[in-house]
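Spelled out, the chains give:
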Amino acid sequence: MLKSFFILCSGADRNLLSTCSEGEQTKYAGIGATVFFTAVMAFIAGSYALYTVFDSALPAIAFGLVWGLLIFNLDRYIVSTMRKREKFGSEFLQALPRIVLAIIIAIVISKPLEIKIFEKEIATVLLKEKNAMALANKNEVANYFQSDVEQNKAAIDSLKSQITKKEAEVNALYETYITEAEGTKGTMKLGKGPVFKEKIAKHDLAKSELDSIRKANFALITERENRAKTLQADLDKKVSETQPIIDGFDGLMARINALNKLPFLPSLFIMLLFLAIETAPIIAKLLSPKGEYDFKLEDLETALQATLEQDKYQRKLLVKTSAEMHDRVYAEIAQDSGLYDLQRSKARELLELQAQSFVDKQKSTLSS
C-alpha cells in the first residue's frame, strides 16, 4: 500500500513499472518518498510563513496545503519528465533547468523553517530593534512638540524673572530705608526723618507693584504650567498611539531581516539540507544507471515514434498519389471534344446574356 503510494508520487508509469523487477520498483518508491516528504516540508513551511503574517491558523493551514500540493506537483513533474540518455552531458543539460527550479523551491521552503528554528534568536534581534525604534519614535515626537514646549517654558521663566527682579528691587529699597533709620547709610542721621519717609514711600510703592506683578504673573504662570502639562499629555498620547505599531513589528519581512542579521553559517547549512532534499530525486536519476524501467519506457516511446513517422510518411504518399491521379484524369478530360463544344456553347450563351444586360442598363439610364 505504502509502496504503491510512493510509486504514484514518483510519477512513474505504474503499469509499466509493475512488469519490472522488485529492485526497480523500490528505486522509484524511494524517489516518490523524497517527493512526498519534500511536499510535507513545503506544507509546514508555507503554513508557518502565512501564520506569521495573519496570526490565524485556518488560513495558514489552507495556504500551506495549497503550497504543499503545488510543490508536490512540480517535483513530481520534474522527476517524471527526466529521461535517461546515452551520454551524461545530454542528461545534465536536460536536468539543468529542473535543478535550477529545485534550488529556487529549496530556498523558498527553507526560509520560513529557518525563521521557526531560530525563533528565539530572531526575537532577541527584534526586541533590540523595537527598543531602538521606540526610543527614536519618542525623540521624534518630542522634537515635534519641542518648539511649543520651549516657548511655553521661556514664557514661564520670563514671568518668574519679572517677579524675582521686582523682589530684588523691593529688598534693596527695604535695606535703604532701614539703614537710613539706623543712621548707618544715607544721611547718617538716626531717626525717621523726611528722607526716611521718602525712602519708605518708595519701598511701599515698589512692594505694591510687586504684589500686583505677583498676582498677575502667578495667574499666567499657572496657565502656562497647565499648558505644559497639556503638551506633555499630548506627547505621551502620541507616543502611546504609535507604540502598538512598533510592538507589532514582527511580521514575516521583519523576521527575515532579523534572520539575515544572525550568523550566516547555520542558516546556510539548513538551506543546503533542503537543497539536498529537493534535488535528491534529480541527482538520483542522473547518477543511477539506465534501468529496466528506462529501457521499457524507451522501447514504448520509440515504437510510438516509429508508428507516427510511418503514418506521416504514408499520408504524404497518399496525398502525392491522389494529386497525380487527379492531374491525369483532368488532362484526359481536357482532350474530350464533346466537353469542349459544350463548354464553348455555354460560355457564348453567358456572354450574350451579359451584353444584353449591359444594353438594357444603358437604355434605362438614357431614358431617365
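Every chain is numbered independently, its residues counted from 1 as its sequence is written. The model is predicted, so local features are restricted to residues of pLDDT at least 70 and side-chain atom pairs to those at 80 or more, both for listing and for counting; the totals for chains, interfaces and linings are taken over all residues. Think of the side-chain values as coming from all heavy atoms in the structure, minus any hydrogens and water.

Student: Which parts of the structure should I look at to understand the side chain of Glu-24?
Tutor: Each helix corresponds to a stretch of at least 4 residues labelled H or I by DSSP, and each strand to a stretch of at least 2 residues labelled E; elements are numbered beginning at the N terminus. By secondary structure assignment, the location of Glu-24 is in helix α3 (residues 22-54). Throughout, a residue-residue contact means that at least one pair of heavy atoms, one from each residue, lies within 4.5 Å. Excluding residues within four positions of it along the chain, Glu-24 makes contact with Leu-17, Gly-291, Glu-292, Tyr-293 and Asp-294.

Student: I keep staring at the nonpolar core and nothing clicks. Help me out?
Tutor: The tendency in soluble globular proteins is for nonpolar side chains to be buried side by side. Only buried residues count toward a nonpolar core. Its members are Ala, Val, Leu, Ile, Met, Phe, Trp, Tyr and Cys residues joined through side-chain atoms within 4.5 Å. Exposure is judged per residue with a 1.4 Å probe applied to protein chains only, and the accessible area is read against the type maximum: over 50% gives exposed, under 20% gives buried, and values in between give partly exposed. Ranked by size, the top nonpolar core spans 18 residues in total, and within it Ile-109, Phe-118, Ile-122, Leu-259 and Leu-262 carry the most contacts. For this core, the secondary structure elements donating two or more residues are α3, α5 (88-117), α6 (119-182), α8 (252-260) and α9 (264-287). Per-element accounting of this core gives the leading share, 4 residues, to α5. Those residues in contact with Ile-122, other than ones at most four positions away along the chain, are Ile-115, Arg-255, Ala-258, Leu-259 and Leu-262. Counting residues in hydrophobic clusters, the runner-up holds 14 residues, among them Ile-7, Leu-16, Cys-20 and Ile-31.

Student: Whenever I open this one, the packing of helix α1 (residues 2-10) against helix α4 (residues 57-80) confuses me. Can you help?
Tutor: For any two helices packed against each other, the geometry comes down to the angle between their axes and how far apart the axes lie. At a minimum axis distance of 8 Å, the contact between α1 and α4 shows a crossing angle of 80°. Considering the angle they form, α1 stands roughly perpendicular to α4. Taking contact as the criterion, the partners of Leu-8, Cys-9 and Ser-10 in α1 are, on α4, Phe-72, Arg-76, Val-79 and Ser-80. All axes are obtained by fitting lines to C-alpha atoms, using only the stretch in contact for helices, and the reported angles, taken between N-to-C directions, cover 0 to 180 degrees. In this scheme, roughly parallel covers angles under 35 degrees and roughly antiparallel covers those over 145, while 65 to 115 is roughly perpendicular and the rest are oblique.

Student: Where do I start with empty space enclosed by the protein in this structure?
Tutor: To find the voids left in a structure, one rolls a probe of water-molecule size over its atoms. With a 1 Å grid laid over protein atoms only, a set of points is called a cavity when a 1.4 Å probe fits there but cannot get out and a pocket when it is open yet has protein on both sides within 12 Å along at least five of seven lines; lining residues have an atom within 4 Å of a point. Grid points are joined across faces, edges and corners, and a volume is the space filled by probe spheres set on the points. For the structure shown, the criterion picks out 2 cavities of 30 Å³ or more. Volume-wise, the largest cavity comes out at about 40 Å³. In terms of lining residues, the largest cavity is bounded by Thr-38, Met-41, Ala-106, Ile-109, Phe-274, Ile-277 and Glu-278. For the lining of the largest cavity, the secondary-structure elements that each account for two or more residues are α3, α5 and α9. Sort the elements by how many residues they give to the lining of the largest cavity and α9 lands first, with 3 residues. Roughly 40 Å³ of internal volume is contained in the second largest cavity. Lining the second largest cavity, in full, are Val-35, Asp-75, Ile-78, Val-79, Ala-102, Glu-278, Pro-281 and Ile-282. Residues are sorted three ways: Asp, Glu, Lys and Arg are charged, Ala, Val, Leu, Ile, Met, Phe, Trp, Tyr, Cys and Pro are nonpolar, and all the rest, Gly among them, are polar. Residues belonging to the lining of the second largest cavity are distributed by class as follows: 6 nonpolar, no polar and 2 charged.

Student: Explain the environment of Ala-106 to me, please; I cannot follow it from the model alone.
Tutor: Among the secondary structure elements, Ala-106 is positioned in helix α5. For Ala-106 and Leu-273, which are 167 residues apart along the polypeptide, the C-alpha to C-alpha distance reads 8.8 Å. Among residues more than four places away in sequence, those in contact with Ala-106 are Phe-274, Leu-275 and Glu-278.

Student: In this structure, what is going on with the environment of Pro-266? I would like to understand it.
Tutor: Within the secondary structure, Pro-266 sits in helix α9. In this structure, the C-alpha to C-alpha distance between Pro-266 and Phe-118, residues 148 residues apart in sequence, is 9.5 Å.

Student: Before we go on, may I ask you to explain a nonpolar patch on the surface in this structure?
Tutor: Patch membership is restricted to residues that have no salt bridge and whose relative accessible area is over 30%. Joining uses 9 Å for like charges and 5 Å for the nonpolar side chains Val, Leu, Ile, Met, Phe, Trp and Tyr. Accessible surface is estimated by sampling points in the Shrake-Rupley manner with a 1.4 Å probe; for residues, cover comes only from the protein chains shown. The working definition used for a salt bridge is a side-chain nitrogen of Lys or Arg within 4 Å of a carboxyl oxygen of Asp or Glu. Nonpolar side chains collect at one region of the surface, where Phe-92, Leu-93, Leu-96, Val-100, Ile-104 and Val-108 lie side by side and expose about 510 Å² of accessible area between them. As for its position among the elements, Val-100 is in helix α5. By relative accessible area, Val-100 is classed as partly exposed at 42%.

Student: Please clarify how α4 should be interpreted in this entry.
Tutor: Given 3.6 residues per turn, any residue in an α-helix points the same way as the ones three and four places further on. For α4, spanning 24 residues, the distance from its first C-alpha to its last is 34 Å, which sits close to the expected 34 Å at 1.5 Å a residue. What α4 keeps buried is the set Ala-60, Gly-64, Gly-68, Ile-71, Asp-75, Ile-78 and Val-79. To estimate the expected span of a helix, subtract one from its residue number and multiply by 1.5 Å.

Student: Sorry if this is basic, but what is going on with the pattern of salt bridges here?
Tutor: If the charged atoms of two oppositely charged side chains come close together, the side chains can form a pair. Across all of its chains, the model carries 6 salt bridges by this definition. The closest approach of N and O atoms between Lys-3 and Glu-22, which form a salt bridge, is 2.3 Å. Within this pair, whereas Lys-3 is found in helix α1, its partner Glu-22 is found in helix α3, the two being separated by 19 residues in sequence. On the accessibility criterion, Lys-3 (27% relative accessible area) is partly exposed. For the salt bridge of Lys-153 with Asp-157, the shortest nitrogen-to-oxygen distance reads 3.2 Å. With Lys-153 and Asp-157 both in helix α6 and 4 residues apart, the pair spans about one turn of that helix. You can call Asp-157 partly exposed: its relative accessible area is 37%.

Student: I'm lost on the packing of aromatic side chains in this one. Help?
Tutor: Describing an aromatic ring pair means giving the distance of the ring centres and the angle of the ring planes. The criterion for an aromatic pair is that two Phe, Tyr or Trp rings (for Trp, the six-membered ring) have centres within 6.5 Å, with stacked assigned to planes under 30 degrees apart, edge-to-face to planes over 60 apart and tilted to the rest. Taken as a whole, this structure holds 5 aromatic pairs when the rule is applied. Judged by centre distance (5.2 Å) and plane angle (80°), the rings of Phe-5 and Phe-36 are edge-to-face. With Phe-5 in helix α1 and Phe-36 in helix α3, this pair connects stretches of sequence that are 31 residues apart. Accessibility expressed as a relative area gives 26% for Phe-36, which makes it partly exposed. Seen in terms of ring centroids, Phe-36 and Phe-37 are 5.2 Å apart; in terms of plane orientation they differ by 70°. Their pairing is edge-to-face. Put simply, the rings of Phe-5, Phe-6, Phe-36 and Phe-37 touch in pairs and so form one group of aromatic residues.

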